[in-house]
Amino acid sequence: MCGIVGIASNNNCTYALIEGLKKLAYRGYDSAGLATLVNKEIVKRVALGKIGNLEAIIKEKPIEGNIGIAHTRWATHGSPNELNAHPHATNKVAIVHNGIIENYKEIKNILSNKSLIKSETDSEVVAHLITDYLDQGHDYPEIVEKLLTELKGAFALAVLFTKTNKLLAIKRGSPLAVGYGEQNNFIGSDAIGLAPFTKKISYLEDDDWAIVDNKNIFIYHGKNKVDREISITSISRQSIEKGGYKHFMHKEIYEQPTVIGETLKSFIDPEKKIIKINSEILKTDIKKISLIACGTSAFACRIARFWFEEFANIGANVDIASEYRYRKLLKTEGEVVIFISQSGETRDTLASLEEAKKHGLKTISIVNVLDSSISRLSDENIFTLAGPEIGVASTKAFTTQLLTLLIISILLGKNKNFINDNFESKIITQLLDLPSLLNDILEKENELRDIASKIYNAKDVLYIGRGMGHGLALEGALKLKEISYIHAEGYAAGELKHGPIALIDESVPVIGIIPTNNLYEKTYSNLAEVKARGGKIICITDKEGKKNLEDLSDLIFSIKKCNDYLQPIVCALPVQLLAYHIACFKGTDVDQPRNLAKSVTVE
Ligand code: M6R
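Residue positions within a chain follow its written sequence, with the count starting from 1. Where local features are concerned, this predicted model is filtered to residues with pLDDT of at least 70; where side-chain atom pairs are given and counted, the filter is 80 or more; whole-chain, interface and lining totals use all residues. For side-chain calculations, the full set of non-hydrogen atoms in the structure is used, while hydrogens and water are omitted.

**Side note on the environment of V43**
Then, number 1: Only DSSP runs of H or I with at least four residues qualify as helices, and only runs of E with at least two residues qualify as strands; both kinds are numbered from the N terminus onward. In this structure, V43 sits in strand β3 (residues 41-48).
Then, number 2: Residues V43 and G65 lie 22 residues apart in sequence; the distance between their C-alpha atoms is 8.8 Å.
Then, number 3: In contact with V43, not counting residues within four places along its chain, are L34, A35, T36, V38 and I63. Any two residues having at least one pair of non-hydrogen atoms within 4.5 Å are treated as being in contact.

Following this line, the structure appears as structure tokens:
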């Protein structure tokens, strides 16, 4: 859950290391550090907090060096402080690490001099272990072999040595790639970190290791040199910059009409009005679907469940990955497990996928990042085309996941003859209208900003909805919590009276997700119960639903009337913009909220 960069160049690489780190800041920002080789000695700079702090320190105390490694940290073992910041170094090596060394305490005991360990991290032992191996006269292949035998857990490592101008990269469990340049070569956690330098990338496989200098990259597995495919990443510099927006989150909210359009294009033949998804598994006789994910992606699953039931008559179980992976998996005939992840690296989702495969279940993953660990392991993949999502709060990934799940459910309905060609074509016509429905909301952003200005001082906020609106209520509460630090909960509107209604008073805004559908009246009654107890009511509804809600609500935002099953996708935007503006009024760090990281590669 940290970001690592390594550069072997024929020029000073310090500022390039910082640039790479900035692109990886979404992976963690508790501390940052870098080390380069100057006159065969390791020189380090570290700073607490964001990469800007490290940059300031380097401006004050510049360092040079043509070869170096850098790290941005999301703390797991040991609190965020300078001592725990990477790189960790001895007089012979410096290392940066992403992952968790599970047996670091045992390793400490086998080191020749454990008293040299200064930090509380699980990572520092690796620098000392390599130093011991060097002292015993070992070279790369034996060092790697010994490390891979000794270390338990997940690790992506970049190692800088005093005795050579070469970097060592080792991967097991955590993602790691190498990038090919001209007169310089790179190591990076992912294509985003490498984007400022090169488009030519090879992803390392588990237990691969690579020797990188400014002229060559050699990849090995065990003692053998191996070829790993060089892919040309589609990630452009532009797509990972703010492009005039104050925050990535805001930019990403605004990209939704476009990326929804792109995702639609990839799954739909607009002329023939039919769905085209390349999947053998979806053609089989599916009797049960399990939807597994974490966080926002799991809320997309909760909403999608209704579509699988409605369109395909298939029962869908939803489980969060951190629970699923430890449950007894009871394989059902005709069961398919679908994993949903923006990053494709979420540890719990990946581990759940491993479990499902172990049990012989058919697996499909819906991921946004090509060549991610989840996509590489899954039997089949269906990619969302949201493009790089940098803001920690997921926005465009969520709506493209919803759209993808909706389209899959329609396809299954068709395969099972519950949906005929006419109905498919009618739905596709409606889907093609989505970008315009989303644009309509963006045009009314000021209304949401006004609502935010009236509630941003709240201490607690409740979101309520029924059916698919419940999933969105959960997502709304998560969005608000993570970027504004306001305590928020999402409830099924009908559950309020079973306890949470005790929380209601005039200081608690209650946000009702209430577009007109078969649950409108029921949700209305639940909001009336809140009103009767003095609650402040904000409704997200549509033009038709608004009329009835005027008396009940303190504030209303309305979307254009759309088909019921499109409502969660369309209502997602006001939910996101409301959280965004509340956070802006509060002055929090929208893109990099405290304690979080974009992709959670630890349990
Ligand atoms: O990359 P993934 O979709 O697997 O990530 C899952 C969650 O960590 C993620 O959705 C998280 O909840 C977001 N910060 C929510 O905005």
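Read on for the rest.
**Quick notes on the sheet that holds strand β10 (residues 185-188)**
Then, number 1: Read across the open sheet, the 8 strands follow the order β3-β2-β4-β1-β10-β9-β11-β15; overall the sheet is antiparallel. What marks the edges here is a single partner per strand, and that holds for β3 and β15 (231-232).
Then, number 2: Its contacts with the sheet place helix α1 (residues 14-24) against β1 (3-8), β2 (31-38) and β4 (67-73), and it is angled at close to 155 degrees to β1.
Then, number 3: Helix axes use the C-alpha atoms of the stretch in contact, all axes being lines fitted to C-alpha atoms, and the angles between their N-to-C directions lie in the range 0 to 180 degrees. Strands β2, β3 and β4 of the sheet are contacted by helix α2 (residues 51-60), whose axis makes an angle of about 130 degrees with β3. Criterion used throughout: strands pair if DSSP finds at least two bridges between them.

**Some thoughts on empty space enclosed by the protein**
A water-sized probe, rolled over the atoms, reveals where empty space remains.
Then, number 1: Computed over the protein atoms alone on a 1 Å grid, cavities are sets of points where a 1.4 Å probe fits but cannot get out and pockets are open sets with protein on both sides within 12 Å along at least five of seven lines; a residue lines them when it has an atom within 4 Å of a point. Grid points are joined across faces, edges and corners, and a volume is the space filled by probe spheres set on the points. Evaluation of the coordinates by the stated rule reveals 2 cavities of 30 Å³ or more.
Then, number 2: Taken as a whole, the largest cavity holds about 90 Å³ of empty space.
Then, number 3: Along the walls of the largest cavity sit 15 residues, with C2, T76, G99, D122 and S123 positioned nearest its centre.
Then, number 4: Mapped by element, the contributors of at least two residues to the lining of the largest cavity are β4 and β6 (93-101).
Then, number 5: Classification used: nonpolar for Ala, Val, Leu, Ile, Met, Phe, Trp, Tyr, Cys and Pro, charged for Asp, Glu, Lys and Arg, polar for all others including Gly. By residue class, the composition of the lining of the largest cavity is 4 nonpolar, 9 polar and 2 charged.
Then, number 6: Volume-wise, the second largest cavity comes out at about 40 Å³.

**Examining the sheet that holds strand β26 (residues 536-542)**
Strand pairing in a sheet takes place through backbone hydrogen bonds and is either antiparallel or parallel in direction.
Then, number 1: Here 5 strands make up an open sheet; going across it, the order is β24-β23-β25-β26-β27 and the pairing parallel. In this open sheet, the two strands that pair with only one neighbour each are β24 (487-492) and β27 (555-559). When strand polarity is set aside, the average angle formed by the axes of neighbouring strands in this sheet is 20 degrees.
Then, number 2: Sheet strands in contact with helix α18 (residues 520-532) are β23 (460-465), β25 (509-513) and β26, and its direction is about 165 degrees off that of β26.

**Considering unusual backbone geometry**
Then, number 1: Omega for the bond connecting H86 with P87 falls within 30 degrees of zero, at 0 degrees, which places this linkage in the cis form.
Then, number 2: Residue placement: P87 occurs in the loop between β4 and β5 (88-89).
Then, number 3: The backbone phi angle of N313 is positive, close to 55 degrees, even though this residue is not glycine.
Then, number 4: For N313, the position within the fold is in the loop between α9 (295-312) and β19 (315-320).

**What about the domain arrangement of the protein?**
Then, number 1: When the domains of the protein are assigned, the result is domain 1 (3-239), domain 2 (242-432) and domain 3 (441-590).
Then, number 2: The straight-line distance from the C-alpha centre of domain 2 to that of domain 3 is 25 Å.
Then, number 3: Each side of the interface is counted separately: domain 2 has 29 residues, and domain 3 has 25 residues.
Then, number 4: Around 2,400 Å² of area is buried between domain 2 and domain 3 when both sides are counted, 72% of it from carbon and sulfur atoms.
Then, number 5: We count a salt bridge whenever a side-chain nitrogen from Lys or Arg sits within 4 Å of a carboxyl oxygen from Asp or Glu. Viewed at the interface, domain 3 and domain 2 are joined by 0 salt bridges.
Then, number 6: N or O atoms within 3.5 Å of each other form a polar contact, as long as, within protein, one can give a hydrogen and the other can take it, and as long as residues adjacent in sequence are counted only when both atoms are side-chain atoms. One can count 12 residue pairs in polar contact (both at pLDDT 80 or more) joining domain 2 with domain 3.
Then, number 7: Secondary-structure elements contributing two or more residues to the side of domain 2 that touches domain 3 are α7 (248-254), α8 (256-267), α9, α13 (396-415) and α14 (421-431).
Then, number 8: With 8 residues, α9 is the single largest residue contributor to the side of domain 2 that touches domain 3.
Then, number 9: Tallied by class, residues from the side of domain 2 that touches domain 3 come to 18 nonpolar, 9 polar and 2 charged. For the domain bounds, the source is a domain assignment made automatically or taken from a database. By convention, the term buried area covers the 1.4 Å-probe accessible surface removed from two parts as they join, with the contributions of both added.

**A word on the nonpolar core**
Then, number 1: Residues belong to one nonpolar core when they are buried, are Ala, Val, Leu, Ile, Met, Phe, Trp, Tyr or Cys, and are joined through side-chain atoms within 4.5 Å. Burial here depends on accessible area, computed with a 1.4 Å probe over protein chains only, as a share of the maximum for the residue type. Under 20% is buried, over 50% is exposed, and the range in between is partly exposed. L291, W307, F308 and L431 are the most contacted members of the largest nonpolar core, which totals 91 residues.
Then, number 2: Top element by residues in this core is helix α20 (residues 567-586). It accounts for 12 residues.
Then, number 3: No fewer than three residues from each of domain 2 (242-432) and domain 3 (441-590) sit in this core.
Then, number 4: V5, A25, Y26 and A177 belong to the second-largest nonpolar core, a separate cluster that totals 30 residues.

**Some words on the packing of aromatic side chains**
Then, number 1: Think of it this way: a Phe, Tyr or Trp ring, Trp meaning its six-membered ring, pairs with another when their centres are within 6.5 Å, and the plane angle makes it stacked under 30 degrees, edge-to-face over 60, tilted otherwise. In total, this model carries 8 aromatic pairs according to the counting rule given.
Then, number 2: Look at F186 and F197: their rings are 4.7 Å apart centre to centre, the planes differ by 5 degrees, and that puts the pair in the stacked class. With F186 in strand β10 and F197 in the loop between α6 (191-194) and β11 (200-203), this pair connects stretches of sequence that are 11 residues apart. Like F197, F186 is buried.

**Here's the deal with the packing of α13 against α20**
Then, number 1: Across the interface, α13 lies against α20 with an axial gap of 10 Å and an inter-helix angle of 170 degrees. Relative to α20, α13 is oriented roughly antiparallel. The segment α13 lies against α20, with F398, T399, L402, L403 and L406 engaging P568, I569, A572, L573 and Q576. If an angle is under 35 degrees, it is roughly parallel; if it is over 145, roughly antiparallel; if it lies from 65 to 115, roughly perpendicular; otherwise it is oblique.

**Digging into the pairing of β1**
Then, number 1: Within β1, 6 of the 6 residues are buried, which leaves it mostly tucked inside the rest of the structure.
Then, number 2: Side chains G3, V5 and I7 project from β1 onto one buried face, and the interleaved I4, G6 and A8 project onto a second face that is buried too.
Then, number 3: Sheet topology places β1 next to β4; 6 bridges connect them, and they run antiparallel. Directly across from I7, in β4, lies its bridge partner G68.
Then, number 4: Where β1 meets β10, 4 bridges bridge the pair, whose relative direction is antiparallel.

**Details of the packing of α1 against α2**
Then, number 1: Across the interface, α1 lies against α2 with an axial gap of 10 Å and an inter-helix angle of 170 degrees. The orientation of α1 relative to α2 falls into the category roughly antiparallel. For the pair formed by α1 and α2, the contact residues are T14, Y15, I18, L21 and K22 on the first element and I51, L54, E55, I58 and K59 on the second.
Then, number 2: Residue classes in the contact of α1 with α2 are distributed as 6 nonpolar, 1 polar and 3 charged.

**Focus: helix α15 (residues 434-443)**
Then, number 1: Among the 10 residues of α15, 7 are classified as buried, and the element is accordingly described as predominantly covered.
Then, number 2: When α15 is considered as a whole, its buried residues turn out to be L434, P435, L437, L438, D440, I441 and L442.

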